[in-house]
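Below are the chains, spelled out letter by letter.
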Amino acid sequence: MEKTYKIKIWGIVQGVGFRPFVYRLAKSLNLRGWILNSTGSVHILIQGEEEKIKKFLDDLIKEAPPLSKIEKIEKEEINTTEKFIDFSIIESKESAGFNFISPDIAICDDCLKEMRDPKDRRFNYPFINCTNCGPRYTIIEDLPYDRDKTTMKIFKMCEKCKEEYSNPESRRFHAQPISCYDCGPTLWIDGEKDSNIFEKIGKYLEEGKILAIKGLGGFHLACDATNNKAVKSLRERKKRPSKPFALMMKDMDMIKRYCYVNEDEEKILLSKERPIVLLKIKDLGDISKYTAPNNKYLGVMLPYTPYHHLIFDYFPKPLIMTSGNISDEPIIKDNDHAKEKLKNIADVFIFHNRNIAHRVDDSVVFVENKELNIIRRARGYAPDPIKIPIKIKPTLALGGELKNTFSLGKDNYVFMSPHIGDLKDKDTLSVYEETIQEFIRLFRIEPEILVHDLHPQYLSTDFAEKFKKYMEVKAIQHHKAHFFSLLLDRKITDNIICFSFDGTGYGEDGNIWGGEVFIGNLEEVKRIAHFKYFPIAGGDYAIENPRLIALSYITKYFPSEVENIFPHVAPFEKEIIKRLIEKNENIFYTSSCGRIFDMVSALLKIREHIDYEGQSAIELEMHAMESKEERHFPFKIIEGEKIEIDIYPTIERILEERKRKDIKDISKKFHNTISQIIVFISEILREEYKINKVGLSGGVFQNRLLLKTAIPLLRDKGFEVFTHKNVPTNDGGISLGQIILGKENNIK
Ligand code: ZN
Ligand code: ZN
Ligand code: FE
């Protein structure tokens, strides 16, 4: 019996070779009908013997292309007298509903092999790609995903490319960015006409020049990582004194010469997302010490575009590959803009003419306890949707101030923007607003609810204010957003004890929170415990100068020690802090765990001033990594309406031990102390609330040593431990948590 079915499939099914796959499958089973891309889904009409249609559907799920992700299938039988004679791919059509967009994908092995084949017509072609690899999100201007809606539309396919594009047997069947030497984009060195530009690039790198290279989602600034002078001058020109630079290395062998790489790390380095992976240094060898000062890790990635591979043909050494921008501004994506903005940084510009529709930085990840931790979610991951275990109204969550991302969600999907940056300058803010508009347009989600951070002075709060007339605007406390971010990320629906430890977040009582313990679920959340508030004088200046945090604490709690510990500090500075503390003026009170790390780092003279966010805690961790100390310092738990964690005894002991002990051991004991606090509080709360799940969320948990000590301790005590998996634990993940306010019934 012949039957006809209409099938609708949602998910990542566009730009991943799905239509050719379906075409081949239908053909192989002698089925007839058609397939088309619609907005956010593909539609199939299939006609033939019932048995074969059943097999078609089974294989459709079982054998779907590796990059596709089927979220939902709807099947409906239709009565028709129409007889189809063949199976075909027909023109795309627009329809309602929201979209999925594939992230960009690193060059695949097949394309790499072809590129290296002297007999292939794409031998050494810098833009080779196929349906399994290449640019996606960065070239998509609109949906459905077809060539004329990408930045490839200006390149008219040559006959040979057209042939591959329309041949269902070809790996490039309907590969929208398909191109070749005859018809595709070109790469050139600005101001030069040269046939072998890669040889030239190698020469420039060898000479110590700084290159601005247009990549997939924006520009990189590149130089020879083994050239001290070049790396140092890149630091000076980029106004980035010490924040580590990322590296690109030729291949796995090269990486293993410098870094330890375990099995999981290797898998991620080679994954189609191809992020920067933080790897423990084995031997820095000839790599410049200015690459990652005072750090035991290197951020390393493998080549991910065809032309990255080609660069290494003439320069077989590690390359610095840092975002093309000035300090923390958004990554630059257009040729003209790069030339203007980077003219005082780069000596040479490498341009190409495939326009970047959306900027996206490199992603940054690390593996600890065999688990993936995403520090920056961007290329390769965004804008893959995050599926959440609740249903939400169309909601836009604006994110936090630092490492901002925003999230746009509807039903049980959240589309999180790639990493945008720190929302403190005008350039970042305009990129932020532009990306929000793009997301609303591309994903066809018109927000009805706008969620922002509780902080009255955030630029995103300002932004939200403007929309009060048009939609419902809600605010959520920063650490509660961390809490919900973890629950949504890990799909936790029952009760959990969650430690939300980070640097700064505006608290509901007007104090600065950052060392919070919550209990709750997706319905309600309650703050149960926090670090005891301590005063910090000096405002924002103190954040950049952790010495003031330490000075404030010592002035308040150990006044007789001030002279002892800070003999090098100008008397007027001590006097000012003393007066502010005594008068309780120009002071903020905080429970921030991040600030406690800063304080300890300053007390141990590891860092009194920082050049980038998190530096003092990172360097404290690096010192601690060299110690085998397993003991910890005392701390005090004060039980009251809220449990307070008092670190007075910890600091008291640190002051005492710093006179006679190695700071590495003290640093390690401090890390152990934070781990012990987490375990101790967890046990008290388990006893009282009968909850066995423990979650860790917040920037403090980027500290790998802390993860390495706290998690096994918790597991030893029988706790089930949850850390982030799909979004960053830092503020780059909070927009996902904020989206909770888009839920139908309000959160208590
Ligand atoms: Zn490919
Ligand atoms: Zn061509
Ligand atoms: Fe935070």
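The shown structure was predicted, so the numbers you read here are calculated from the model rather than taken from an experiment. (Residues numbered from 1 in each chain as written. Chains lettered and ligands numbered in written order. Predicted model: local features only at pLDDT ≥ 70, side-chain atom pairs only at ≥ 80, totals over all residues. Heavy atoms only, no water.)

The next point concerns the nonpolar core. Burial of nonpolar side chains together is a common tendency in soluble globular proteins. Judged by nonpolar contacts, the single largest core of 165 residues is most densely connected at I46, F56, F499, I554, I651 and I674. Setting aside its immediate chain neighbours within four residues, I46 contacts K3, T4, Y5, I7, A26, L31, R32, I53, F56 and F87. L234, L302, A346 and V365 belong to the second largest nonpolar core, which has 41 residues in total. (Core = buried A, V, L, I, M, F, W, Y, C linked by side-chain atoms within 4.5 Å. Buried < 20%, exposed > 50% of the residue type's maximum accessible area, 1.4 Å probe, protein only. Contact = heavy atoms within 4.5 Å.)

This part takes up the coordination of the zinc ion (ligand 2). Each angle at a metal carrying four tetrahedral donors should ideally be 109.5 degrees, and each at a metal carrying six octahedral donors should ideally be 90 or 180 degrees. Looking at the zinc ion (ligand 2), one finds its protein donor set to be C158 (SG), C161 (SG), C180 (SG) and C183 (SG), positioned 2.2 to 2.4 Å from the metal centre. We note that the donor set of the zinc ion (ligand 2) lies within a single chain, spaced as C-x2-C-x18-C-x2-C. Taken as a pair, C158 and C161 share a single burial class, namely buried. (Donors = N, O, S within 2.8 Å, 3.2 Å for Na, K, Ca; no water.)

On to the sheet that holds strand β16 (residues 385-397). On the basis of which strands lie adjacent, the open sheet formed by four strands has the order β17-β16-β18-β19 and mixed pairing. Every other strand in the sheet has two partners, leaving β17 (407-416) and β19 (472-476) as the edge strands with one partner each. Across this sheet, the average inter-strand angle for adjacent strands is 60°, counted without regard to direction. Bridge count for β16 against β17 is seven bridges, and the pairing is antiparallel. Note on β17: the bridge partner recorded for L396 is L408. Sitting on the sheet, helix α11 (residues 426-443) is in contact with β16 and β17, with an inclination near 145° to β17. (Pairing = 2+ DSSP bridges. Helix = DSSP H or I, 4+ residues; strand = E, 2+ residues; numbered from the N terminus. Axes fitted to C-alpha atoms, helices over the stretch in contact; angles between N-to-C directions.)

Once that is clear, we can look at the packing of aromatic side chains. For the structure on display, the rule yields 29 aromatic pairs. Look at Y23 and F87: their rings are 6.3 Å apart centre to centre, the planes differ by 65°, and that puts the pair in the edge-to-face class. In this pair, Y23 sits in helix α1 (residues 18-28) while F87 sits in strand β5 (residues 87-89), placing the two residues 64 residues apart along the sequence. Here the two residues Y23 and F87 agree in accessibility, since each one is buried. Seen from their ring centres, Y137 and F439 are 6.4 Å apart, and the 75° between their planes marks the pair as edge-to-face. (Phe/Tyr/Trp six-rings, centres within 6.5 Å; stacked < 30°, edge-to-face > 60°.)

The next thing to look at is the domain arrangement of the protein. Each assigned domain of the protein is listed here: domain 1 (2-89), domain 2 (187-365), domain 3 (385-490 + 731-742) and domain 4 (512-520 + 528-722). Taking the mean C-alpha position of each, domain 3 and domain 4 sit 30 Å from one another. Contacts between the two partners involve nine residues from domain 3, matched on the other side by twelve residues from domain 4. When domain 3 packs against domain 4, close to 1000 Å² is buried across both sides, 69% of that on carbon and sulfur atoms. (Domains from an automatic or database assignment. Buried area = accessible area lost by both parts, 1.4 Å probe.)

As for its position among the elements, I90 is in the loop between β5 and α3 (109-115). With sequence-adjacent residues up to four places away left out, I90 is seen in contact with W34, I35 and L36.

Attention now moves to the sheet that holds strand β10 (residues 276-280). Spatially, ten strands are ordered β6-β13-β7-β8-β12-β9-β11-β10-β14-β15 in an open sheet, and the strand pairing comes out mixed. At either end of the open sheet lies a strand with only one pairing partner, and these are β6 (187-189) and β15 (371-376). Each strand axis lies, on average, 35° off the axis of its neighbour in the sheet, ignoring direction. Summarising the sheet, β6 and strand β13 (residues 348-352) pair through three bridges and their orientation is antiparallel. Residue pairing in the sheet places I189 in a bridge with I350 of β13. Across the face of the sheet, helix α5 (residues 197-206) comes into contact with β6, β7 (211-214), β8 (219-224), β12 (319-323) and β13 while running at roughly 45° to β6. Strands in contact with helix α6 (residues 228-238) are β8 and β12; relative to β8, the strand with the most contacts, it is inclined by about 145°.

Turning next to the pattern of salt bridges. Pairs can form between side chains of opposite charge whenever their charged atoms are close. Scanning the model with the defined rule gives 65 salt bridges in all. Where E465 meets K468, a salt bridge forms, and the shortest distance between an N and an O atom there is 3.3 Å. Among the residues examined, E465 registers a relative accessible area of 41% and is labelled partly exposed. Residue K468 is classed as partly exposed on the basis of its relative accessible area, which comes to 46%. In this structure, the salt-bridge partner of R653 is E657, at a minimum N-O distance of 3.5 Å. Placement of both R653 and E657 in helix α20 (residues 648-657) is noted, with a separation of four residues, approximately one turn of the helix. (Salt bridge = Lys/Arg side-chain N within 4 Å of Asp/Glu carboxyl O.)

As a further point, take a positive patch on the surface. Taken together, the side chains of K6, K8, K72 and K391 present a region of like positive charge at the surface. Structurally, K6 is set in strand β1 (residues 2-12). By relative accessible area, K6 is classed as partly exposed at 32%. (Patch = residues over 30% accessible without salt bridge, like charges linked within 9 Å, V, L, I, M, F, W, Y side chains within 5 Å. Areas by Shrake-Rupley, 256 points an atom, 1.4 Å probe, with all protein chains shown as cover. Lys, Arg positive; Asp, Glu negative; His and termini not counted. Charge placed at Lys NZ, Arg CZ, Asp CG, Glu CD.)

To continue, consider the pairing of strand β14 (residues 364-368). Burial within β14 is extensive, with five of its five residues counted as buried. Residue alternation in β14 divides its side chains into two sets, V364, F366 and E368 and V365 and V367, and both sets are buried. One ladder, built from two bridges, connects β10 with β14; its direction is parallel. In the sheet register, V277 faces β14, and the bridge partner there is V365. Of the strand pairs in this sheet, β14 and β15 are connected by five bridges, and their pairing is antiparallel. By the bridge assignment, V367 is partnered in β15 with L372.

Mapped onto the fold, I549 is located in helix α15 (residues 546-557). Its relative accessible area of 0% is what places I549 among the buried residues. Note: C-alpha distance between I549 and D598 (49 residues apart in sequence) is 7.4 Å. Apart from residues lying up to four places away in sequence, I549 is in contact with F534, I536, A542, R595, D598 and M599.

Looking now at the packing of helix α18 (residues 593-603) against α20. Contact pair α18 / α20: the axes reach a minimum separation of 11 Å and the direction vectors enclose 15°. Accordingly, the angle class assigned to the pair α18 and α20 is roughly parallel. Relative to α20, the crossing made by α18 is right-handed. Contacts between α18 and α20 involve M599, V600 and L603 from the first element and I651, I654 and L655 from the second. Along the lines of polarity and charge, the residues of the contact of α18 with α20 split into six nonpolar, no polar and no charged. (Parallel < 35°, antiparallel > 145°, perpendicular 65-115°, else oblique. Left-handed = near helix turned anticlockwise from the far one by under 90°. Nonpolar A, V, L, I, M, F, W, Y, C, P; charged D, E, K, R; others polar.)

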